[in-house]
Amino acid sequence: MLGARSLLLSSLHGYRSSWVIGDLVAALTLLAIALPEQLATARLAGMPPITGFYAFVAGSVMFALLGSNPQMSVGADSTIAPLFAVGIAAVVSATSPDYVAMVGILAVLVGLVVALVGLLRLGWIAEFLSAPIISGFLGGVAVIIVVHQLPDLLGLPGAGGSTLHRLGATLSGLHLINGWALGIGVGVFIIVVVAERLDRRLPGALVGLIGSTILVAALKLHAHGVMVLGAVAHGAPHLGLHGLSWSALVAVAPIAGVVALVIVSQTAATTRAFADQGAYEVDVNRDFLGVGAGNVVAGLVGAFPVDASPPRTAAVVSASGRTQVTGLAAAGAVVLLIPAVALLEDLPLATLAAILIFIATRILNVHELLDIARYDRFEFGLALIALLTVALVGVEQGITVAVALAILDRTRLTARPHLHVLGRIPGTTSWAPLEGTEHAIEVPGVLVVMFATPLWYANASRFRTDLAAAADRAGHSLRLVVLDAMGMTDLDYTGARALRQMLERLAHGGVSFAMARTNKTARAGLARSGLLARIGEDNLFASVGEAVNALHP
């Protein structure tokens, strides 16, 4: 029981009174950023505006209770909003009352998956998303956000369908642009950019939100065609899940898997990055549990999936927030402000569009994409495929294609390892690759090779071919082959068969064989295959030098 209690509100253990001012100032900064962002993200998700506040409160409170990172902010996030919005819209119309219910079911399912990843310590799953894939994926999300928000920014009617269809509909209606809406959107965008450049703690989005709302109300711009948020429900949330059925779970399960994978990746990256920066320890699996619980509660109060937010976490850090008192205080302030949401009925949609487009510019990391292109064209190709597939085809398809290509690339590289021929460094007992060390020399009659990877079915043929070629180059004087198995951590049935074929070939030519630095796993494979008895325990040595000295004095 004591252990369970120690897990709750862990960032508040040993709390000092001197931290209160810093945490509360950071809470005000977080509040100023979160208010407009959560409203904008709710609209991006196709959900009622008030649900953005519910999502922020659920994510912040549950993570403060269960998470380990003292500074991380959890709530509605624009990275995942378009993912599930597009996915759920393919199942049920976004204008249908069932849409909100399906999103709630999705949030609970996502939360259970993320929490299970934490409980089972399966965070390594996120490692399947390499940096190029993540960059391309986020670029695709940024494209989706911009295309979805362009109609609101330009004061045009919205369009449904694919990204290309939405873009085509927007371009065909450019002659109907509302100048007032565009002017408001551009103005808000400039305010946010300038505030960001001057100091990230400046609430540029909040200033734009309040200023544009007052402007629309004062000049009665509704009469000039400026679309506004309208009446916002601000009562208590509807608790529980509605429309829960087996068919609903089956429909949302694939979407939940994709969203959960993105949440696990972003949460792990965020908590580790800020822990390194702040020089404190975190438990990533506990953070998964906290974010997962936030998703479950968000779904049960009628909101949508939540995620760790790098920008908001950075704002907390910049404002000197030390503990989750910051998140709890900001969540409490949001609860108190919910009745005042009705004052935002004159908030222009162009303002929310501008805020989201600004967020999209931060999600799309052009500099990193250029770095990837300079480093490796194949990996840049993976990033580009991920970007285009996510933006133009679908999120699930984009993730699936990119991960499959990345695994295929890793398999390709593993299946074509280099067999290193080693030479002795004069005056020492050390052996090193001939191609990498000027002073390494071959010992006459001895061939020493290193295969620094597991020997398995994908590279067994390459191993046999390269070793045979090296033996042929050594000529008729060859009397001993030593395999340095330092990197050969395992061998499967196909690998063992390839090694047996080489032993038969060497024995036929009167060449002895020995192995050096063989680990327990490889030895077990040799024993199972009968190769250990054939090679002989006496021909397994602790080092290459010992093998050569013993068998070729």
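Residues numbered from 1 in each chain as written. Predicted model: local features only at pLDDT ≥ 70, side-chain atom pairs only at ≥ 80, totals over all residues. Heavy atoms only, no water.

With an unreviewed UniProt entry as reference, the protein is termed STAS domain-containing protein, source organism Mycobacterium bohemicum. Recorded in UniProt under Subcellular location (unreviewed entry), the annotation for the protein is "Membrane". (UniProt positions renumbered as here; feature names shortened; annotations may be inferred.)

Time to look at the domain arrangement of the protein. The domains assigned to the protein are domain 1 (17-410) and domain 2 (417-551). One C-alpha centre belongs to domain 1, the other to domain 2, and the line joining them spans 54 Å. (Domains from an automatic or database assignment.)

Before going further, it helps to spend a moment on the sheet that holds strand β6 (residues 480-484). Within the open sheet, the six strands sit side by side as β4-β3-β5-β6-β7-β8. Their pairing is mixed. Looking at the sheet topology across the chains shown, the edges are occupied by β4 (431-433) and β8 (540-541). Examined bridge by bridge, strand β7 (residues 512-516) and β8 share two bridges and lie parallel to one another. Bridged to M515 within β8 is L540. Lying over the sheet, helix α18 (residues 460-474) contacts β3 (420-424), β5 (446-450) and β6, oriented at roughly 155° with respect to β5. Sitting on the sheet, helix α22 (residues 544-551) is in contact with β3, β4, β5, β6, β7 and β8, with an inclination near 165° to β6. (Pairing = 2+ DSSP bridges. Helix = DSSP H or I, 4+ residues; strand = E, 2+ residues; numbered from the N terminus. Contact = heavy atoms within 4.5 Å. Axes fitted to C-alpha atoms, helices over the stretch in contact; angles between N-to-C directions.)

Moving on: a nonpolar patch on the surface. The grouping of L164, L384, L388, L392 and V393 at the surface amounts to a nonpolar patch, some 450 Å² of accessible area in total. In terms of residues, the nonpolar patch owes the most to one element, helix α16 (residues 377-392), which gives three residues. Tracing the chain through its elements places L392 in helix α16. (Patch = residues over 30% accessible without salt bridge, like charges linked within 9 Å, V, L, I, M, F, W, Y side chains within 5 Å. Areas by Shrake-Rupley, 256 points an atom, 1.4 Å probe, with all protein chains shown as cover. Salt bridge = Lys/Arg side-chain N within 4 Å of Asp/Glu carboxyl O.)

Once that is clear, we can look at the layout of surface pockets. Quantified by volume, the largest pocket comes out at close to 1400 Å³. Lining the largest pocket are 50 residues; nearest its centre among them are L138, P310, P311, R362 and I363. Looking at the lining of the largest pocket, the elements that each hand over two or more residues are α2 (20-44), α6 (131-154), α8 (179-198), α9 (204-219), α10 (246-278), α12 (310-318), α14 (349-363) and α15 (366-375). Broken down by element, the lining of the largest pocket gets its largest block of residues, nine residues, from α10. (1 Å grid on protein atoms, 1.4 Å probe; cavity = no way out; pocket = protein on both sides within 12 Å on 5 of 7 lines; lining within 4 Å. Points joined across faces, edges and corners; volume = space filled by probe spheres on them.)

This part is about the environment of A350. Mapped onto the fold, A350 is located in helix α14. Note on A350: relative accessible area 2%, which makes it buried. Note: C-alpha distance between A350 and H224 (126 residues apart in sequence) is 14 Å. Not counting the four nearest positions on each side in its chain, A350 is found in contact with D152, L153, A181 and G185. (Buried < 20%, exposed > 50% of the residue type's maximum accessible area, 1.4 Å probe, protein only.)

Residues in a regular strand point their side chains to alternate faces of the sheet. With five of its five residues buried, β5 lies for the most part within the structure. Neither face of β5 is left uncovered, since the one carrying V446, V448 and M450 and the one carrying L447 and V449 both have all their residues buried. Taken together, the three bridges between β3 and β5 define a ladder with antiparallel strand orientation. Each residue of the ladder has a partner; that of H420, found in β5, is M450. Assessed by its sense of winding, the connection that carries the chain from β5 through α18 to β6 is right-handed. (Right-handed = clockwise from strand over helix to strand, strands pointing away.)

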